[in-house]
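Observations on the model geometry
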Amino acid sequence: MASRPTDLSLYVGLMSGTSLDGTDGVVFDAASLAVIGHVHAPFPAALREELLALNTPGPNELHRAALAANAVARSYADVVAQLLEATGRRRDEIAAIGAHGQTVRHQPGGFEGYTSQLLNGALLAEQSGIDVVCDLRSRDVAAGGQGAPLVPAFHRAVFSTEGQDAAVLNLGGISNLSLLFADGRTGGFDCGPANCLMDGWIARHQGRAYDADGAWAATGRVSPALLATLLAEPFFALAPPKSTGRDLFHLGWLQTRLVPGLAPQDVQATLLELSARCVADALHTHMPGARQVIACGGGALNGRLMQRLSDLLPGVAVQSSAARGLPVDQVEAAAFAWLAQCFKEKRPGNLPAVTGAAGLRRLGCLYPA
Ligand SMILES: Nc1ncnc2c1ncn2[C@@H]1O[C@H](COP(=O)(O)OP(=O)(O)OP(=O)(O)O)[C@@H](O)[C@H]1O
Ligand SMILES: [Mg+2]
């Protein structure tokens, strides 16, 4: 095999988040901190369904999880091929792939803590012919951390805060904040549901994957009673470090808290308000001096959600990451490319102040090409 150049600066990042909307892939130039190519590929419907099912205990899970991990690898390999095609790059020009995998359980903390992202890294290395760095969360969990969020260090690296307290807000299935304090400290934590409950509710009642621009929510009225019940979830009041996922926030969680007499669109309006409130409340508590919020993730395309965030955060400029040079659907994937670079360069990827890990750790495991 030809020896690979050692000074490559191009990395592929692959992210498929809790929304289960599929994979965002980028080619990221670590030298310029710029994305030079982006591909989004939905999961095949049957795979999406199975991944969703695997979030809940069920029969024959080991076998089903192994098959799903193979399918995720094949789907990722397809995205890599599309990225190479779109950017005109060869695989030997890519230093490594940073691949997230699909979270099906996230239960960090304590002696029995673990987090599980389905992905057959060996198969992805085999199919792509590129070094694969994956399982990026487990080492932080092993060190007593949450294993999440892992993106704050990357947000610190790519977004300038212009001497102000600024936050980066990712609105995926779950929302997470990165707190970039003007004095150089970096914080971060998961806030709560961003899209996962809204997606689930509209799928159940309207058969649509998501509420484009919050248009359906806009036809309903927020229920103060339901909102108060939802906000009483202890997770919201927990002090960081904290992270969450579908383990907690799923339609069953909502179902047991519904108040009688609400139209489906009123529930949707309330879920959108919950998504905005849990972020705004967390920001008020943990970064009261915030002057800017840079929003990314698919939820940043929800105009109504962005408007409610602005309303709840007077004096804070809420803007899309696109205005700062990174389109909303590329930020998290770029973060995983950056984490692969950290691994390759033998640098830690976690921030113990964010995750609660016992110390800095080199994250991920390598499947060589
Ligand atoms: N135009 C839009 N209007 C409203 N919501 C949108 C729009 N476009 C995307 N979304 C929402 O964004 C979601 C996808 O966002 P994203 O890919 O950032 O989440 P994710 O896959 O959970 O990622 P992560 O876990 O990395 O945060 C969709 O499921 C949908 O709910
Ligand atoms: Mg996604």
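Residues numbered from 1 in each chain as written. Chains lettered and ligands numbered in written order. Predicted model: local features only at pLDDT ≥ 70, side-chain atom pairs only at ≥ 80, totals over all residues. Heavy atoms only, no water.

The protein chain is annotated in an unreviewed UniProt entry as Anhydro-N-acetylmuramic acid kinase from Pelomonas nitida. For the record of the protein chain, the UniProt heading Function (unreviewed entry) holds the text "Catalyzes the specific phosphorylation of 1,6-anhydro-N-acetylmuramic acid (anhMurNAc) with the simultaneous cleavage of the 1,6-anhydro ring, generating MurNAc-6-P. Is required for the utilization of anhMurNAc either imported from the medium or derived from its own cell wall murein, and thus plays a role in cell wall recycling." Here is the UniProt Catalytic activity (unreviewed entry) comment for the protein chain, exactly as written: "1,6-anhydro-N-acetyl-beta-muramate + ATP + H2O = N-acetyl-D-muramate 6-phosphate + ADP + H(+)". (UniProt positions renumbered as here; feature names shortened; annotations may be inferred.)

Considerations on the UniProt feature "binding site: ATP" (unreviewed entry) in the protein chain
Under the present numbering, the feature "binding site: ATP" (unreviewed entry) in UniProt falls on Gly17, Thr18, Ser19, Leu20, Asp21, Gly22, Thr23 and Asp24. Within the element layout of this structure, Leu20 appears in the loop between β1 (10–15) and β2 (23–29). Assessed through its relative accessible area of 2%, Leu20 is described here as buried. Not counting chain neighbours up to four residues away, the residues in contact with Leu20 comprise Phe43, Arg48, Leu51, Leu52, Asn55, Gln102 and Arg246. In this structure, Thr23 sits in strand β2. Sequence-distant contacts of Thr23, defined by excluding residues within four places in its chain, comprise Leu14, Met15, Ser16, Val39, His40, Ala41, Phe43, Tyr76 and Val79. (Helix = DSSP H or I, 4+ residues; strand = E, 2+ residues; numbered from the N terminus. Buried < 20%, exposed > 50% of the residue type's maximum accessible area, 1.4 Å probe, protein only. Contact = heavy atoms within 4.5 Å.)

What to know about the side chain of Lys242
Its location among the elements puts Lys242 in the loop between α8 (234–237) and α9 (251–255). Within polar-contact distance, the side chain of Lys242 engages the backbone oxygen of Phe235 at 2.8 Å. Looking at Lys242, its side chain comes within polar contact range of the main-chain oxygen of Leu238, at 3.1 Å. Ignoring anything within four residues of it in the chain, the contact list for Lys242 reads Gln146, Pro149, Phe189, Asp190, Phe235, Phe236 and Ala237. (Polar contact = N/O pair within 3.5 Å; in protein donor to acceptor, adjacent residues only side chain to side chain.)

Some words on the sheet that holds strand β12 (residues 317–320)
Strand order in the open sheet formed by 5 strands is β10-β9-β8-β11-β12, and the pairing between neighbours is mixed. A strand with exactly one partner marks an edge of an open sheet, and here the two such strands are β10 (186–193) and β12. The average angle at which neighbouring strand axes cross in this sheet is 20°, direction not considered. Of the pairings in the sheet, the one linking strand β8 (residues 166–171) to strand β9 (residues 174–180) comprises 6 bridges and is antiparallel in character. Within β9, the position partnered with Ala166 by the bridge is Leu180. Together, β8, β9, β10 and β11 (292–296) form the strand contacts of helix α10 (residues 264–286), whose direction differs from that of β10 by roughly 155°. (Pairing = 2+ DSSP bridges. Axes fitted to C-alpha atoms, helices over the stretch in contact; angles between N-to-C directions.)

Brief notes about the packing of α10 against helix α11 (residues 303–312)
Two quantities define a packed helix pair, namely the angle between the helix axes and the distance between the axes. Where α10 contacts α11, the axes come no closer than 9 Å and their chain directions differ by 35°. Between α10 and α11 the crossing geometry is right-handed. Contacts between α10 and α11 involve Leu272, Glu273, Ser275, Ala276, Arg277, Val279, Ala280 and His284 from the first element and Arg304, Leu305, Arg308, Leu309 and Leu312 from the second. By residue class, the composition of the contact of α10 with α11 is 7 nonpolar, 2 polar and 4 charged. (Left-handed = near helix turned anticlockwise from the far one by under 90°. Nonpolar A, V, L, I, M, F, W, Y, C, P; charged D, E, K, R; others polar.)

Looking at the site of ligand 1
Surveying the vicinity of ligand 1 reveals 22 residues, the closest of which are Ser19, Asn170, Gly173, Asp199 and Asp213. Within the backbone of Thr18, an N or O atom sits 3.1 Å from an oxygen atom of ligand 1. Taking Asn170, its side chain carries an N or O atom lying 2.8 Å from an oxygen atom of ligand 1. Coverage of ligand 1 by the protein chains reaches 87% of its 650 Å² of free accessible surface. (Near = heavy atom within 4 Å. Areas by Shrake-Rupley, 256 points an atom, 1.4 Å probe, with all protein chains shown as cover.)

Comments concerning the layout of surface pockets
Its volume calculated, the second largest pocket comes out at about 350 Å³. Contributing elements (two or more residues each) for the lining of the second largest pocket: α1 (45–53), β5 (102–107), α6 (196–206) and α9. By residue number, the principal contributor to the lining of the second largest pocket is α6, which donates 5 residues. Split into classes, the residues belonging to the lining of the second largest pocket amount to 7 nonpolar, 6 polar and 5 charged. (1 Å grid on protein atoms, 1.4 Å probe; cavity = no way out; pocket = protein on both sides within 12 Å on 5 of 7 lines; lining within 4 Å. Points joined across faces, edges and corners; volume = space filled by probe spheres on them.)

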